[in-house]
Amino acid sequence: MKVALLPGDGIGPEVIREAVRVLEALELPGLTLFEGDVGAAAYRRHGHPLPAETLEMAWAADAILFGAVGDPSFDGLERALRPEQAILGLRSELGLFANLRPARTFAGLEDMSALRPEIAARIDLLIVRELNGDVYFGDKALEMLPDGRRRGWDMMSYAEDEVRRIAHVAFRAAQGRKGRLCSVDKANVLETSQLWRDVVGEVAGDYPGVALEHMYVDNAAMQLVRDPGRFDVIVTGNLFGDILSDQASMCVGSIGLLASAALGDRQTAFGTFGLYEPIHGSAPDIAGQGKANPMATILSAAMMLRHSFAREVEAARIEAAVARSLAEGVRGGDLGGSAGTAAIGDAILQRL
Ligand SMILES: NC(=O)C1=CN([C@@H]2O[C@H](COP(=O)(O)OP(=O)(O)OC[C@H]3O[C@@H](n4cnc5c(N)ncnc54)[C@H](O)[C@@H]3O)[C@@H](O)[C@H]2O)C=CC1
Ligand SMILES: CC(C)CC(=O)C(=O)O
Ligand SMILES: [Mg+2]
């Protein structure tokens with residue numbers, strides 16, 4: 001069970017450190033951790049945000065635990081060399097097309113939601129975000145028009161097979177939950193979304209037990225704060241899923257709480273190969289201050305144990321320890337408290 005740790009930038013190394021403490025405390029036989037460079041940290045040392053040796057390490061691993069990449073001082077670099085290209089490159093090179101982003105109410109935390117507590121109390125949803133396509137991976141350019149104006153453009157597209165495979169992931173997820181799937185798109189304006197809607201509708205024929213609804217993304221953004229409890233599984237494209245998952249995090253209480261798994265088709269001797277990361281970024285505004293909430297990363301490690309190593313018991317132990325910490329009042333700055341990154345890690349370790 002080989003895990004490549006890719007801490008990256010900003011708060012990435014701080015939150016990964018706490019997740020590693022939790023993993024080590026479980027004393028799983030055969031679990032080996034090794035570390036590589038990504039993002040701005042890799043650019044500084046190797047001249048590239050995703051060096052060949054890091055990619056090799058990723059391929060050799062059974063799972064990847066990823067912190068975050070991004071550093072504002074590198075925002076002026078040509079796009080191919082920016083830190084964010086590391087995570088985009090890993091997702092596409094490793095064929096990790098299915099991003100699972102669960103959002104669930106934590107008991108005792110309802111008052112920290114940006115919503116009214118009685119609305120926040122009912123959240124139990126899963127965003128299934130397509131991760132290898134959409135406008136993130138299309139051709140793009142900044143160019144000068146003949147009349148001297150600058151123009152930027154990005155190509156949004158999905159091929160039907162890309163939609164079909166993520167739709168199957170989402171329908172299967174809904175089968176294992178409450179049997180409701182909401183496909184989110186912008187088919188009233190975008191051809192990409194019209195194809196998305198048509199293909200998801202076709203795939204629905206294979207899952208008669210799942211109730212499918214289609215929703216435009218602007219309405220979905222509204223419904224997510226009006227009544228997040230109405231959703232079971234949401235399936236959507238790369239861009240909409242990115243945005244809606246940050247929004248869902250504040251329905252629960254903080255972006256420091258939401259974990260994710262990026263999965264593809266590859267199976268290892270232990271389970272499905274995957275990359276696990278918090279949904280947040282490198283948070284430069286609090287980096288290096290010991291203020292980051294590591295819970296999202298620790299919960300991502302739990303997802304790793306479940307999906308990549310078939311260790312359901314240990315995954316559930318981690319999740320219960322996080323839930324108990326929150327129920328007993330452990331709060332980082334993101335939740336209006338004063339517990340630092342290491343103190344939150346300590347609290348979870350004590351309850352493991
Ligand atoms: N997967 C990745 O590696 C991602 C990288 N990024 C990159 O991260 C950098 C910063 O991006 P932002 O838009 O500021 O998003 P962000 O998610 O890093 O931060 C947004 C806000 O949430 C707070 N926050 C985030 N995680 C937190 C945690 N664990 N505990 C407490 N507070 C937390 C931050 O302090 C900040 O105020 C950029 O370079 C961006 O491109 C952004 C999202 C994902
Ligand atoms: C930094 C981006 C490449 C992606 C992002 O915001 C995310 O995956 O949540
Ligand atoms: Mg994001």
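Here the structure is a predicted model, which is why all the values come from computation and not from measurement. (Residues numbered from 1 in each chain as written. Chains lettered and ligands numbered in written order. Predicted model: local features only at pLDDT ≥ 70, side-chain atom pairs only at ≥ 80, totals over all residues. Heavy atoms only, no water.)

Peer 1: Outline unusual backbone geometry, supporting the account with residue identities and numerical values.
Peer 2: Backbone geometry places Glu27, a non-glycine residue, at a positive phi of 50°. Relative to the helices and strands, Glu27 is located in the loop between helix H1 (12–25) and strand E2 (32–35). Overall, Glu27 belongs to the exposed group, its relative accessible area being 68%. Phi at Asp134 takes a positive value of approximately 75°, unusual for a residue other than glycine. On the secondary structure map, Asp134 appears in the loop between strand E5 (124–130) and strand E6 (140–144). The class of Asp134 is buried, set by a relative accessible area of 5%. (Helix = DSSP H or I, 4+ residues; strand = E, 2+ residues; numbered from the N terminus. Buried < 20%, exposed > 50% of the residue type's maximum accessible area, 1.4 Å probe, protein only.)

Peer 1: Can you explain the UniProt feature "binding site: Mg(2+)" (unreviewed entry) in the protein? Please cite residues and give values.
Peer 2: Mapped onto the present numbering, the UniProt feature "binding site: Mg(2+)" (unreviewed entry) falls on Asp218, Asp242 and Asp246. Along the chain, Asp218 turns up in helix H8 (residues 217–226). Here Asp218 falls in the partly exposed class, since its relative accessible area comes to 45%. Structurally, Asp242 is set in helix H9 (residues 238–252). Beyond its immediate stretch of four places on either side in the chain, Asp242 contacts Arg101, Arg129 and Tyr136. (UniProt positions renumbered as here; feature names shortened; annotations may be inferred. Contact = heavy atoms within 4.5 Å.)

Peer 1: Give a detailed account of the UniProt feature "binding site: substrate" (unreviewed entry) in the protein, specifying residues and quantitative values.
Peer 2: UniProt marks Arg91, Arg101, Arg129 and Asp218 with the feature "binding site: substrate" (unreviewed entry), using the numbering shown here. In terms of the greatest pairwise C-alpha distance, the residues named above, spread along 128 residues, do not form a single cluster, extending to 26.6 Å across. Tracing the chain through its elements places Arg91 in helix H4 (residues 85–93). Since its relative accessible area comes to 7%, Arg91 is described here as buried. Beyond its immediate chain neighbours, meaning those up to four positions away, Arg91 contacts Leu96, Arg101, Arg129, Leu131, Asn132 and Glu277. With respect to the helices and strands, Arg129 occurs in strand E5. For Arg129, a relative accessible area of 1% corresponds to the buried category. Here Arg129 is in contact with Arg91, Phe97, Ala98, Asn99, Arg101, Tyr136, Ile166, Thr236, Gly237, Asn238, Gly241 and Asp242, once residues within four sequence places are set aside.

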